There are 2 protein chains.
Amino acid sequence: MKKKIAIVGLGLIGGSLALALRGFEDYEIVGVVRRQATADYAMSHGVGDAATLDAAGALREADVTILCINPKDIVTFMEAHRADFKPGSLVTDVCGIKGAVMEASRVLPATVDFIGGHPMAGTEFSGIEHALPDMFRGAHYIITPRADSTGEHIALMGRMADYVGCKDVVNTTPAEHDAMIAYTSQMMHIIAVSVCDDEGLFTCRGFEGSSFRGCTRVADLDVELWTQLFSMNEGALSAALDRLSANLESYRAALRSGDVEALREKLAYSAGRKHQMVLGERSDDPYYV
Amino acid sequence: MKKKIAIVGLGLIGGSLALALRGFEDYEIVGVVRRQATADYAMSHGVGDAATLDAAGALREADVTILCINPKDIVTFMEAHRADFKPGSLVTDVCGIKGAVMEASRVLPATVDFIGGHPMAGTEFSGIEHALPDMFRGAHYIITPRADSTGEHIALMGRMADYVGCKDVVNTTPAEHDAMIAYTSQMMHIIAVSVCDDEGLFTCRGFEGSSFRGCTRVADLDVELWTQLFSMNEGALSAALDRLSANLESYRAALRSGDVEALREKLAYSAGRKHQMVLGERSDDPYYV
């Protein structure tokens, strides 16, 4: 019998993983979904090799389980299915918060190895119909192993990340992940929605360019998902927003002062920082936004 | 003799226009530059049909002059060359501030028609070596004609915009332009540099994804250009930043309150606004960032 990877939840990320992981080593990719319509869509669009509504049955046969559902659903799913995971198997997830998920994973039996995961990819869309096989191309794949995670499972995570096209695997702690993500991801989403709250949003048509589209692209977000991500990381996100507020206020003051030379110096400082910060940007990548 | 378009300044935008306008109707495209090296580069890379360091000579023969230099240089150039522009010709510019430029254009003789212009395109790079023939594809081309601008010249602006690939021509007033641009463009740049001022910038490598790249892309900006754009539009930009600050603070308060339902409602409101705001985004466009 082929080895199996169960992907729980075939949304944007789970669906993309199911597309991208097809053919990985000798694994069969099995989607676990809640609605028959999703299973039918998956099978008619090549999203994985099989799809089932029987979570317990799939977990019992899965050598790897990847939880691609919302953070709070991950917590309740692990509680509900704690006895269903195959002994010796690897369980991982893809969500944007790691502290709370790693904590919740303690409910799993000692026979199961849980490694937190967060591929830094996505688009502004949701759902299986927006899944893309090259969603992960060039992205960082962050993992947060437990102290007792096996080298075999960590290596397997690395091979999966490589197979789906990720640039690298970043091995870190849940606390470090959550602090960094508050700045690099969550804050970007708070900025985007705040810009869209501006009274000028609907009257600015005809005046928007690439910088506006780039900054606001993610504002049409998955409300439930981001409510959970923000509220489960309130401390780190609030700290990041405090720093943003101070940095913005510094620019507002320089502008209001009318001191053009001071403004020029500030801009030279900030632009120089960005110039140093080579992000490995990929201009040929439609998801590089 | 062929009709001539003089493009003053072959930087990122001037160079891209010179590339994109080649073959437009029966015009010869003449680049006006300050350094022989730029003229040589232009000629060896097909950036326009000719290049010269003789501004006065080029202007006297130009049926259309497009000023593609910094705002303050536009002001001094028009003063210095007021007597050089060909009578009956169209003079326009491409810079991101229109009030001050339209005001400065009063120095021109009545025989010359000045129409302010602002194609909403660009990348985070500067200089002729980053010029691209399809820079303007899908962009808005904003124009601010004078009350006495001729229909012939306004139509000519439209044909040029269409030829270089712009999506549409937006005809507006300098005041409206400057107020809108403060929000859609200048504020995006202030956000980008403020995000890059964060203490976490250099330690976040490995944790950045597409939203971070999209928001911060423009932070490595042309310092002199943006110092001028910001300081010449201080009132409108400060007002936009005041609104941003209030909208960000509202999110910070919702987050700090711990009221998850209130946060969910706010996010649903903002995401709904973005969802309504169809920007004509072009996922096939490498410059759509």
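All figures in this text were calculated on a predicted structure; none of them were measured in a lab.

Student: So what's going on with the overall build of chain A? Residues and values would help.
Tutor: Regarding its fold elements, chain A presents 11 helices and eight strands. Taken over the C-alpha trace, chain A has a radius of gyration of 21 Å; the compact-globule value for 289 residues is 19 Å, and the two agree within 12%. When its C-alpha atoms are laid out on the principal axes, chain A stretches across 70 × 40 × 30 Å. Per-residue burial for chain A yields a buried fraction of 60% across its 289 residues. Considering only residue pairs separated by 6 or more positions, chain A has 70% of its internal contacts joining residues 24 or more positions apart. When the accessible area of chain A is evaluated, it comes to approximately 10,700 Å², of which 53% is carbon and sulfur surface. The distance from the centre of the 27 positive side-chain charges to the centre of the 39 negative ones in chain A is 1 Å.

Student: Can you tell me about the environment of A80 of chain B, naming the residues and giving the values?
Tutor: With respect to the helices, strands and loops of the structure, A80 of chain B is situated in helix 4 (residues 71-80). Separated by 24 residues in the primary sequence, A80 of chain B and A56 of chain B place their C-alpha atoms 9.6 Å from one another.

Student: Kindly report on the interface of chain B and chain A, identifying the contributing residues and their values.
Tutor: Each partner contributes to the interface: chain B provides 93 residues, whereas chain A provides 93 residues. A buried area of about 8,800 Å², summed over both sides, lies between chain B and chain A, and 64% of it is on carbon and sulfur atoms. Linking chain B with chain A are eight salt bridges. Taking the shortest distance from any N to any O, the salt bridge between E224 of chain A and R264 of chain B comes out at 2.7 Å. If you list the elements that add at least two residues to the side of chain B that touches chain A, you get strand 7 (140-144), helix 7 (174-196), helix 8 (210-216), helix 9 (223-231), helix 10 (234-257) and helix 11 (260-276) of chain B. It is helix 7 of chain B that provides the largest number of residues to the side of chain B that touches chain A, a total of 16 residues.

Student: Which residues make up the relation of the copies chain B and chain A, and what are the values?
Tutor: Once turned by 180° and shifted 0.0 Å along the axis, chain B lies on chain A with an RMSD of 0.0 Å. On this basis, the relationship between the two copies can be described by a two-fold rotation axis. A share of 100% of the interface residues of chain B reappears at the interface of chain A, consistent with the copies meeting face to face through the same patch.

Student: Which residues make up the side chain of T227 of chain B, and what values do they have?
Tutor: By the secondary structure assignment, T227 of chain B is in helix 9. What makes T227 of chain B buried here is its relative accessible area of 0%. One polar contact links the side chain of T227 of chain B to the main-chain carbonyl oxygen of V223 of chain B, over a distance of 2.7 Å. Each residue touching T227 of chain B, except ones within four places of it in the same chain, is listed here: V260, L263, R264 and L267 of chain A.

Student: Which residues make up the sheet that holds strand 5 (residues 90-93) of chain B, and what values do they have?
Tutor: All names here are of chain B. Spatially, eight strands are ordered 3-2-1-4-5-6-7-8 in an open sheet, and the strand pairing comes out mixed. Looking along the sheet, the strands with just one partner apiece sit at the ends: strand 3 (50-52) and strand 8 (168-171). Strand-to-strand twist across the sheet, computed as the mean angle between neighbouring axes with direction ignored, equals 25°. Looking at chain direction, strand 1 (residues 3-8) and strand 4 (residues 64-67) are connected through four bridges and run parallel. From the neighbouring strand, V8 faces strand 4, where its bridge partner is L67. Seen against the sheet, helix 7 touches strand 6 (113-119) and strand 7 and runs at an angle of roughly 140° to strand 7.

Student: Residues and numbers for helix 1 (residues 12-21) of chain B, please.
Tutor: Residues three or four positions apart in an α-helix share a direction because the helix packs 3.6 residues into each turn. All names here are of chain B. With respect to burial, helix 1 is a largely interior element, nine of its 10 residues being buried. Buried within helix 1 we find L12, I13, G14, G15, S16, L17, A18, A20 and L21. For helix 1, the elements touching its buried residues are strand 1, strand 2 (27-32), strand 4 and helix 6 (151-163). A positive phi of about 90° marks G23, the residue just after helix 1.

Student: Please give an account of the confidence of the model for chain A that cites residues and values.
Tutor: Residue and element names in this part refer to chain A. Counting all residues, the mean pLDDT for chain A is 94, and 96% of those residues have values of 70 or more. Here residues 280-289 is a poorly scored stretch, pLDDT under 50, and it has 31 contacts once near neighbours within four places are set aside; other chains count. Interface confidence in the predicted complex, given as ipTM, is 0.91; pTM for the same model is 0.91.

Parameters at a glance
- Residues numbered from 1 in each chain as written.
- Chains lettered and ligands numbered in written order.
- Predicted model: local features only at pLDDT ≥ 70, side-chain atom pairs only at ≥ 80, totals over all residues.
- Heavy atoms only, no water.
- Helix = DSSP H or I, 4+ residues; strand = E, 2+ residues; numbered from the N terminus.
- Rg over C-alpha atoms; globule rule 2.2 N^0.38 Å.
- Buried < 20%, exposed > 50% of the residue type's maximum accessible area, 1.4 Å probe, protein only.
- Contact = heavy atoms within 4.5 Å.
- Areas by Shrake-Rupley, 256 points an atom, 1.4 Å probe, with all protein chains shown as cover.
- Lys, Arg positive; Asp, Glu negative; His and termini not counted.
- Charge placed at Lys NZ, Arg CZ, Asp CG, Glu CD.
- Buried area = accessible area lost by both parts, 1.4 Å probe.
- Salt bridge = Lys/Arg side-chain N within 4 Å of Asp/Glu carboxyl O.
- Least-squares fit on C-alpha atoms with pLDDT ≥ 70 in both.
- Polar contact = N/O pair within 3.5 Å; in protein donor to acceptor, adjacent residues only side chain to side chain.
- Pairing = 2+ DSSP bridges.
- Axes fitted to C-alpha atoms, helices over the stretch in contact; angles between N-to-C directions.
- pLDDT = per-residue confidence, 0-100.

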